[in-house]
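Here's the letter readout for the chains.
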Amino acid sequence: MIGNDVVDRVFAKNRYNVLHPRWMEKVLLPAEKEQITQFDDLELALWAFWSLKESAYKVFFKKTFKRGFIPKKFECRLLHIEKNQINAQIQSPLGSWFGKIEISNAYLHAMVTSQKMLLNTIKHKLIPFKETTYFAQSHQVHQHLKEALSQLCLLPCHQLEILKEQSVPKVFFKNKVLPIDVSLSHHHQWGAFAYL
Amino acid sequence: MTVEEITAKLRSIIEPYVEEKELLNNIMPETDLLEDLKINSANLVDIIIDVEMAFDIEIDDDAAEQMLKVKDSVAIIQERITA
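Along every chain, residues carry numbers that run from 1 in the direction the sequence is written. Chain A is the first chain written and ligand 1 is the first ligand written, with later ones labelled in order. This being a predicted model, a pLDDT of at least 70 is required before a residue's local features are given, and a value of 80 or more before pairs of side-chain atoms are given or counted; all residues contribute to the totals for chains, interfaces and linings.

Peer 1: What should I look at first to understand the overall build of chain A in this one?
Peer 2: Per the secondary structure count, chain A includes 5 helices and 11 strands. All radius of gyration figures rest on C-alpha atoms, and the globule criterion is 2.2 Å times the number of residues raised to 0.38. The C-alpha radius of gyration of chain A comes to 17 Å, within 12% of the 16 Å expected for a compact globule of 196 residues. In terms of overall dimensions, chain A has a C-alpha envelope of 50 × 35 × 30 Å along the principal axes. Here a residue counts as buried when 20 or more other C-beta atoms fall within 10 Å of its C-beta, as exposed when 12 or fewer do, and as partly exposed in between; the C-beta atoms come from the backbone. Relative to its 196 residues, chain A shows a buried fraction of 38%. Once C-beta atoms are placed from the backbone, any two residues with those atoms within 7 Å are in contact. Pairs at least 24 residues apart make up 55% of the contacts formed inside chain A by residues separated by at least 6 positions. Secondary structure elements follow DSSP: runs of H or I no shorter than four residues count as helices, runs of E no shorter than two count as strands, and numbering proceeds from the N terminus.

Structure below.
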């Protein structure tokens, strides 16, 4: 299963309490706090952990349908840190999961899967928004995803639908669910989808 | 503080994090901060920190886990104010 999360780095700067001492207390575990010393950019480190935890939560929700603010239930260990990509292992209540984050100056895009072998098979896309309202942006991400899936499945785009079932996004073709695992995210000027 | 007073104060804390302001018009006890108000999940941390400072209380991890709906958040705040 897959979960993803995009963070608009430009928007996030100075707009969140991320540098507030309580933020770390509420989100990070002791071993994670030790790892942030590897970063020159503290904000980048904190958003990296957040986006991994949020992606892991989406996988957790798909498997359990349990909701909650539970970032500390996902312990992230950063395995390999490069300028544009981080690989990570996530200890979740349901076992060991794997994640990667793609990084640019504009965004972070985290993707987590419950199986290591799936990590390199993820298809994904980042979408810079022109629209400014939540609903228009959401529509735009759906449209891009439908176009991608239309090419993948050789099905007409207008007959594909992305609908939520029990708060989990599913792909429908003529009222039938297709066996494609999708995750969608958006944050201010960036949208993203990932699928397996 | 009454439930109404806590709800009003909570609403003023939440408001800056709601991008689509018209969604604030129908806040009910059952309103879900993420699903109904479309608040970005990253802002939940901000809201919890803001609530702690505004009400001068501490919200531990177990309580924070429950803070998804307005009624649950109000109950958690009320419990801690009166503790």
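Peer 1: Explain unusual backbone geometry here, please?
Peer 2: With glycine set apart, most residues show a phi of negative sign, and most peptide bonds adopt trans. Residue and element names in this part refer to chain A. Look at leucine 154: it is not a glycine, yet its phi comes out positive at around 55 degrees. Here leucine 154 is to be found in the loop between α5 (134-153) and β7 (160-165). One non-glycine residue with positive phi stands out, namely lysine 174, at about 50 degrees. Within the secondary structure, lysine 174 is located in the loop between β8 (168-173) and β9 (176-177). The class for lysine 174 is exposed, based on 9 C-beta atoms found within 10 Å.

Peer 1: It is not clear to me how the interface of chain A and chain B should be interpreted in this structure. Could you clarify?
Peer 2: How big an interface is tends to be reported as the loss of accessible area on association of its parts. At the interface, 17 residues of chain A touch 18 residues of chain B. When residues of the side of chain A that touches chain B are traced back to their parent elements, those giving at least two are α2 (21-27) and α4 (42-64) of chain A. For the side of chain A that touches chain B, the element with the highest residue contribution is α2(A), accounting for 4 residues. Here the term charged refers only to Asp, Glu, Lys and Arg, the term nonpolar to Ala, Val, Leu, Ile, Met, Phe, Trp, Tyr, Cys and Pro, and the term polar to all other amino acids, Gly among them. Grouping the constituent residues of the side of chain A that touches chain B by class yields 7 nonpolar, 5 polar and 5 charged.

Peer 1: How should the sheet that holds strand β1 (residues 2-8) of chain A be read in this particular structure?
Peer 2: Hydrogen bonds along the backbone pair up the strands of a sheet, which may run parallel or antiparallel. Residue and element names in this part refer to chain A. Criterion used throughout: strands pair if DSSP finds at least two bridges between them. Spatially, β1-β5-β4-β3-β2 is the arrangement adopted by the 5 strands of the open sheet, whose pairing is antiparallel. Single-partner strands in this sheet number two, and they are β1 and β2 (75-81). Sheet twist, expressed as the average angle between the axes of neighbouring strands with direction ignored, equals 20 degrees. Here β2 runs beside strand β3 (residues 85-92); their pairing, made up of 6 bridges, is antiparallel. Fitting a line to C-alpha atoms yields each axis, with helices limited to the stretch in contact; the angle taken between N-to-C directions then spans 0 to 180 degrees.

Peer 1: Looking at this structure, how should I read the environment of Leu94(A)?
Peer 2: All names here are of chain A. Topologically, leucine 94 is positioned in the loop between β3 and β4 (95-103). Each C-alpha atom of the pair leucine 94 and phenylalanine 60 lies 7.7 Å from the other, and the pair is 34 residues apart in sequence. For leucine 94, the residues in contact, after removing those within four places along its chain, are Phe60 and Lys63.

Peer 1: Before we go on, may I ask you to explain the pairing of β3(A) in this structure?
Peer 2: Every regular strand shows the same layout, with side chains that alternate between the two sheet faces. Residues and elements named next belong to chain A. Here β3 shows a buried face lined by Ile86, Ala88, Ile90 and Ser92 and an unburied face lined by Gln85, Asn87, Gln89 and Gln91. Hairpin connection from β2 to β3: 3 residues lie between these consecutive antiparallel strands. Where β3 and β4 come together, 8 bridges link them in antiparallel fashion. Opposite alanine 88, over in β4, you have glycine 99 as the bridge partner.

Peer 1: What should I look at first to understand the confidence of the model for chain B in this one?
Peer 2: Do not read the fine detail of predicted coordinates wherever pLDDT is low. For every residue, the predictor states its confidence as a pLDDT score lying anywhere from 0 to 100. Residues of chain B with pLDDT of at least 70 account for 100%, and the chain-wide mean is 94. At the level of chain-chain contacts, confidence expressed as ipTM amounts to 0.90, with global pTM at 0.94.

Peer 1: In this structure, what is going on with the sheet that holds strand β10 (residues 182-187) of chain A? I would like to understand it.
Peer 2: All names here are of chain A. The 3 strands are arranged β6-β11-β10 in an open sheet whose pairing can be described as antiparallel. In the strand order of this sheet, the two ends are held by β6 (123-128) and β10, each with one partner. Going from strand to strand, the sheet's axes swing by 10 degrees on average, the running direction of each strand aside.

Peer 1: Looking at this structure, I do not really get helix α4 (residues 70-82) of chain B. What am I missing?
Peer 2: The α-helix advances 3.6 residues per turn, and as a result positions three or four apart in sequence lie on the same side. Residue and element names in this part refer to chain B. Take the number of residues in a helix, subtract one, and multiply by 1.5 Å to get its expected span. With 13 residues, α4 should cover 18 Å at 1.5 Å per step; its first-to-last C-alpha distance of 18 Å lies within 8% of that length. Those residues of α4 lying buried are Val70, Ser73, Val74, Ile76 and Ile77. In a view along the axis of α4, the buried residues occupy a sector of 160 degrees, so they form one face of it. Facing away from the buried side of α4, by more than 90 degrees, are the exposed residues Glu79 and Thr82. For α4, the secondary structure elements touched by its buried residues are α1 (3-14), α2 (42-55) and α3 (61-64). Along the arc lie the directions from the helix axis toward the C-beta atoms.

Peer 1: I tried to follow the domain arrangement of chain A on my own but got confused; where do I start?
Peer 2: Residues and elements named next belong to chain A. Domain start and stop positions are those given by an automatic or database domain assignment. The domain architecture assigned to chain A consists of domain 1 (2-121) and domain 2 (126-195). Computed over C-alpha atoms only, the centres of domain 1 and domain 2 are separated by 22 Å. With 14 residues of domain 1 at the interface, the matching set in domain 2 holds 15 residues. When contributions to the side of domain 1 that touches domain 2 are tallied by element, the ones reaching two or more residues are β1, α4 and β5 (107-113). A total of 7 residues in the side of domain 1 that touches domain 2 trace back to one element, the largest contributor, which is β1. In terms of residue class, the side of domain 1 that touches domain 2 is built from 7 nonpolar, 3 polar and 4 charged.

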